[in-house]
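One letter stands for each residue in the lines below.
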Amino acid sequence: MRRLSLLLTILAGPLAAQGTPPASPPSPPILIKAGRLVDGRSAQVQTNVGILIDGERIRAVGPLASVQAQAPNARVIDLSQMTVLPGFIDAHTHLLLQGDITNQEYEDQLLKESIPYRAILGARNARIALEHGFTTLRDVETEGAMYADVDVKLAVNRGEVPGSRVFASTRAMAPTGMYPIGTPNWEIELPHGVQTVDGVDNARLAVREQVQHGADWIKYYSDRRYFFTPDSVLHSWVNFTDEEARAIVDETHRLGRKAAAHAIGSDGIAAALRAGVNSIEHGDGLTDSLMDVMVRNNVYWVPTVTVGVHVMPRGGVWPALVALERRAFGRALRKGVKIALGTDVGGFPWTEINQAKEFEYYVQYGMTPMQAIQSGTSVAAALLGQEQNLGAVAPGLYADLVAVSGDPLRDITELQRVKFVMKGGTVYLSQ
Ligand SMILES: [Zn+2]
């Protein structure tokens, strides 16, 4: 509540005037004085930079004096003691989930909370993400909350609530009996965390329904039941037949959307790559040959390390998955697999762990801080097909910016302490 009132004070002008979509009222340009700029694309840090913002978008970026000369009457925001970066992008979130280490925690949410209640928490989560500097989320399914991610997105876009930009996946898909909630009691039908899909016609129909109701992405579960063979390869049971998976992905692409597959074991990853997906989610069991296919076919990897570490108390195969993924990460880096930052927040509580922890793991796993930053900005924007709008500080793009007081290239954990957040030219946090 305290944070919200601070926010409303900051927003006083712009938010009060909103309620209509982005075509915002004319306001004077904003000049940001950036002490240091990490622009999301260049490997170089620039100093004493001016960023000129007109409405929602960046008009100019360059040496402070020359940019200032372009708009002498601009309103100045002084970040000359800070490092400015593009707004972060988390490519794997669940706005409608509040953490589920155990089956019980998952079932309680689907059985004992209404979808409206869950959507209210989803709106809160979008604000938490924004205040942590994540100006964009690719939300990869609602876990039984139907199309409520689209509702959160609408409310944010209309200025009704503060929150990140949302790319929504709606319900996700798995075949009958291959996704919770399951029960031995066949007399009752329980809700499922996904849309149940069997057969190629049903697959195409499900994609059409989800797109009709606002899906920007289509997500499906490629595998389950993970196990190691003595050669240390992680295997899994594949959910869809190749024909079904191809139907999902083909229909997705035919409708101008992209497909993401949950795939943890090597069998599930291989099946998803055969189907032609755009991103592999989790991907713990990636082998060298699967990585080669990803590089060849321009498939992105979204590792979600934070959730892996968080769910280790589940025991079983989970702790070994974290170690396996760490080794895969180093190999993927060397092979040039495109790694887009994603956390699986919602699988861990939004209120307890800052999503920016993921940057820290990537550096621990072998990225330079600059590579990690690009993973969560320009690379993720490319995964989304939004290079012209998001993921960098450059003319023409949305004015989505964060600032930190320290040097994130020396200490990546600085990204967990953002002091300033702007989205679309509006300031949401300023400390
Ligand atoms: Zn997930």
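As a reminder, the structure under discussion sits directly above these lines.
Summary of the structure given here. (Residues numbered from 1 in each chain as written. Predicted model: local features only at pLDDT ≥ 70, side-chain atom pairs only at ≥ 80, totals over all residues. Heavy atoms only, no water.)

Attention now goes to the sheet that holds strand E5 (residues 88-93). Spatial strand order, E5-E6-E7: 3 strands in an open sheet with parallel pairing. Strands with a single pairing partner mark the edges of an open sheet, and in this sheet they are E5 and strand E7 (165-168). On average, adjacent strands in this sheet sit at an angle of 15 degrees to one another, irrespective of strand direction. Bridging between E5 and strand E6 (residues 134-139) involves 4 bridges; their strand directions are parallel. When the bridges of E6 are listed, Asp90 appears paired with Leu137. (Pairing = 2+ DSSP bridges. Helix = DSSP H or I, 4+ residues; strand = E, 2+ residues; numbered from the N terminus. Axes fitted to C-alpha atoms, helices over the stretch in contact; angles between N-to-C directions.)

We now examine the coordination of the zinc ion. Around the zinc ion, the protein contributes the donor atoms His92 (NE2), His94 (NE2) and Asp344 (OD), which lie 2.1 to 2.2 Å from the metal centre. For the zinc ion, the donor residues sit on a single chain with the sequence spacing H-x1-H-x249-D. Placement of the pair is His94 in the loop between E5 and helix H3 (103-112) and Asp344 in the loop between helix H11 (318-335) and helix H12 (357-364), with a sequence separation of 250 residues. There is no split in this pair, since His94 and Asp344 are both buried. (Donors = N, O, S within 2.8 Å, 3.2 Å for Na, K, Ca; no water. Buried < 20%, exposed > 50% of the residue type's maximum accessible area, 1.4 Å probe, protein only.)

Let us now look at the side chain of Gln374. Relative to the assigned elements, Gln374 resides in helix H13 (residues 369-375). Contacts of Gln374, omitting those with residues within four sequence positions, involve Gly40, Arg41, Ser42, Ala43, Val379 and Ala380. (Contact = heavy atoms within 4.5 Å.)

Bridge count between strand E1 (residues 30-37) and strand E4 (residues 75-86): 7 bridges; the pairing is parallel. The partner of Ile30 across the bridge, within E4, is Arg75. In this structure, E4 lies alongside strand E16 (residues 401-404), joined through 4 bridges in antiparallel fashion. Looking across to E16, one finds that Thr83 is bridged to Val404.

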